[in-house]
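Given next are the chains, with one letter for each unit.
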Amino acid sequence: MSPAVRRVWGLVYRHLTLYRRSWPRIAEIAYWPTLQLLIWGFTAQFFSHAHGSPAAMAGGALIAGVLLWEITLRGQLGVTITFLEDIWSRNLGHVFVSPLRPAELVISLLTVSFFRTMVGLLPAVVIAYLLYAYNILALGPVLFFFFVNLMFMGWWVALLIVSLLFRYGAGAESLAWTIAFGITPFACVFYPLSALPVWLQPVALVLPPEHIFAGMRAALFTHQTAWSELAMAALLNVLWMGLAAAVFAGQFRAARVRGALISIGE
Amino acid sequence: MNAITVKNLTKHYAGTLAVDDITFDVAQGAVVGLLGGNGAGKTTTISMLLGLLVPTAGTLMVLGHDMAKDRFAALARMNFSSPYIALPQKLSVIENLRVYGHLYNVPRLSRRIEELAEQFNLTGLLRRLAGELSAGQKTRVALAKSLINRPDLLLLDEPTASLDPDTGDFVRTALETYRRETGASILLASHNMAEVERLCDDVLMMKQGKIVDRGTPDNLIARYGRDDLEQVFLDIARAGAEAGV
């Protein structure tokens, strides 16, 4: 194992060990996706029973939207909560004076986030199948592209939030729970772009999820893969990730100048 | 080659001049004490040596590496302990040592942990959660963590603060043993003057961000005409106050 991989593993091991010992933490990871699915799943089922086939299709899109959007939300929370765990345990000082590079810190956070997201989503996927006879895997191989794009979006949002934590300290931790949820109205998860007011549509268009969920609806309703939408989502994700990485690097440097790495937990 | 070479180091932050143009060396294998009252600039100096804080001016060479350009090469060969920075409380002692063993790329990690557990009487505590330990036990674990990579340079910020005399003596003996066996250098910030007299070859006295005096403990005591280092510390700390500074 190279020294860099071993350093990344050191931090991943620290968090996996924490989860292994704490069932409330594991339960919390799965709680919200499951709750969201139950609320929207029963809503979708009610409409499909009441209004027949078109409503059933819309219901399917609703459930798929809930499950897929949770990838972004859980991916983002996975990074920020993992970072906050080290702030809460007053351990970051030891981490920052170790040879762990900032990029390795980020890779560790993303790795833990991936595991958290999988653990969080699995019960919801199973419940969707058992309660609503909805199989998200029936979307086919295109699901992989949805997953990667949505996870990527959760990660760059998280990097921006961690940058704010460097800037404002643990006092900004409430942003970890609010920012990604705040994007939801513009993400066009449950409705098409045309449902937004014209003046808001440019906001949605520069965010990857509008394109991803347009692709999802195309896959569900027409069984077509909207490659152009997926390509646009991927391009936007790369641009946003570049911006987020630059902001993260800038705020990390600024924190070392201001002394914020020493007082980040205050 | 010195373990630490600091030249004209200055740090302005949070609206204050925390470190004001200090210059000093720590020779290879030396134990140097960094003394001063609260707010004298000790922690800021140590933070810059650890790469946590970027100096406003001046240069820092640690173990032959320029901290402005190559800090990770130095960080791999040094370590740090402070009672004010915790280890994850929900991880057991052995898990904490594994985490830091991986971060410092320690070869034959299990063997190293066994050695440290034996040296610091931690064998019976390895499976206990760090959060369940007494203050003295936590200090021993923190010290074991700080030696996990066999550092060539150890930075310690009040390593025996709030410890009973027995545990404090245990820590000091462990540091003396480590230094004797490895030839490592140690920079020690402490308010315990007896500890500094016992451990340190050289002492830097800081006040208001400046190094106001330096010398061996015996030399400082003799020059100030005092009986011990605590009286010297008080003379220096109160000199400005009496002059209305």
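Scroll up for the structure.
Right, let's walk through the structure included here. (Residues numbered from 1 in each chain as written. Chains lettered and ligands numbered in written order. Predicted model: local features only at pLDDT ≥ 70, side-chain atom pairs only at ≥ 80, totals over all residues. Heavy atoms only, no water.)

**Here we look at the overall build of chain B**
And then number 1: Of the regular secondary structure elements, chain B holds nine helices and ten strands.
And then number 2: Relative to the compact-globule value of 18 Å for 245 residues, chain B shows a C-alpha radius of gyration of 18 Å, a close match.
And then number 3: Along the three orthogonal principal directions, the C-alpha set of chain B runs to about 55 × 40 × 35 Å.
And then number 4: Contacts spanning at least 24 positions in sequence make up 66% of the contacts within chain B whose residues lie at least 6 apart.
And then number 5: Put simply, chain B shows about 10,200 Å² of open surface, and 48% of that area lies on carbon and sulfur atoms.
And then number 6: Measuring between centres, the 27 positive side-chain charges of chain B sit 7 Å from its 29 negative side-chain charges. (Helix = DSSP H or I, 4+ residues; strand = E, 2+ residues; numbered from the N terminus. Rg over C-alpha atoms; globule rule 2.2 N^0.38 Å. Contact = heavy atoms within 4.5 Å. Areas by Shrake-Rupley, 256 points an atom, 1.4 Å probe, with all protein chains shown as cover. Lys, Arg positive; Asp, Glu negative; His and termini not counted. Charge placed at Lys NZ, Arg CZ, Asp CG, Glu CD.)

**Describing the pairing of strand β1 (residues 4-13) of chain B**
The two faces of a sheet get side chains in turn, since along a regular strand they alternate between them.
Residue and element names in this part refer to chain B.
And then number 1: Pairing between β1 and strand β2 (residues 16-26): seven bridges, direction antiparallel. In the strand pairing of β2, Leu9 is matched with Ile22.
And then number 2: Hairpin remark: β1 followed by β2, antiparallel, with two residues in the connecting loop; positive phi at Ala14, about 50 degrees. (Pairing = 2+ DSSP bridges.)

**Section: the interface of chain B and chain A**
And then number 1: Chain B puts 35 residues into the contact, and the matching count from chain A is 32 residues.
And then number 2: Between chain B and chain A, a total of about 3,200 Å² is buried, with carbon and sulfur atoms accounting for 59% of that surface.
And then number 3: Looking only at chain B, the three residues that lose the most surface to chain A are Leu52, His102 and Leu103 of chain B, adding up to 22% of its buried area.
And then number 4: Across the chain B-chain A interface, the total number found is two salt bridges.
And then number 5: One salt bridge connects Glu95 of chain B with Arg21 of chain A, and the closest N-O pair in it is separated by 2.7 Å.
And then number 6: When contributions to the side of chain B that touches chain A are tallied by element, the ones reaching two or more residues are β1, α2 (71-75) and α3 (93-103) of chain B.
And then number 7: Ranked by residues supplied to the side of chain B that touches chain A, first place goes to α3 of chain B with seven residues. (Buried area = accessible area lost by both parts, 1.4 Å probe. Salt bridge = Lys/Arg side-chain N within 4 Å of Asp/Glu carboxyl O.)

**A short note on the packing of aromatic side chains**
All names here are of chain A.
And then number 1: Scanning the model with the defined rule gives 18 aromatic pairs over all chains in all.
And then number 2: Geometrically, the ring pair formed by Trp40 and Phe190 is stacked, given 5.8 Å between the ring centres and 25 degrees between the ring planes. Here the residue Trp40 occupies a position in helix α2 (residues 23-51), and Phe190 occupies one in the loop between α7 (175-187) and α8 (201-205), the gap between them amounting to 150 residues.
And then number 3: For Phe190, a relative accessible area of 34% corresponds to the partly exposed category.
And then number 4: A centroid spacing of 5.4 Å and a plane angle of 80 degrees characterise the contact between Phe145 and Trp227, whose relative ring orientation is edge-to-face. With Phe145 in helix α6 (residues 142-168) and Trp227 in helix α10 (residues 227-258), this residue pair connects regions lying 82 residues apart in the sequence.
And then number 5: Note on Phe145: relative accessible area 36%, which makes it partly exposed.
And then number 6: Of the aromatic side chains, those joined through ring pairs into one cluster are Phe83, Phe96, Phe166, Phe248 and Phe252. (Phe/Tyr/Trp six-rings, centres within 6.5 Å; stacked < 30°, edge-to-face > 60°. Buried < 20%, exposed > 50% of the residue type's maximum accessible area, 1.4 Å probe, protein only.)

**Some remarks on the side chain of Arg7 of chain A**
And then number 1: Position of Arg7 of chain A relative to the elements: it lies in helix α1 (residues 3-20).
And then number 2: Ignoring sequence-local partners within four residues, the contact set of Arg7 of chain A consists of Pro99, Leu100, Arg101 and Glu104 of chain A together with His102 and Leu103 of chain B.

**What about the sheet that holds β2 of chain B?**
Residues and elements named next belong to chain B.
And then number 1: Spatially, β2-β1-β4-β5 is the arrangement adopted by the four strands of the open sheet, whose pairing is antiparallel. Strands at the two margins of the open sheet, each flanked by one partner only, are β2 and β5 (65-66).
And then number 2: Here β1 pairs with strand β4 (residues 57-62) via five bridges, running antiparallel. From the neighbouring strand, Thr10 faces β4, where its bridge partner is Ala57.
And then number 3: Most of the contacts of helix α1 (residues 42-49) go to β1, to which it runs at about 115 degrees, and overall it touches β1, β2 and β4. (Axes fitted to C-alpha atoms, helices over the stretch in contact; angles between N-to-C directions.)

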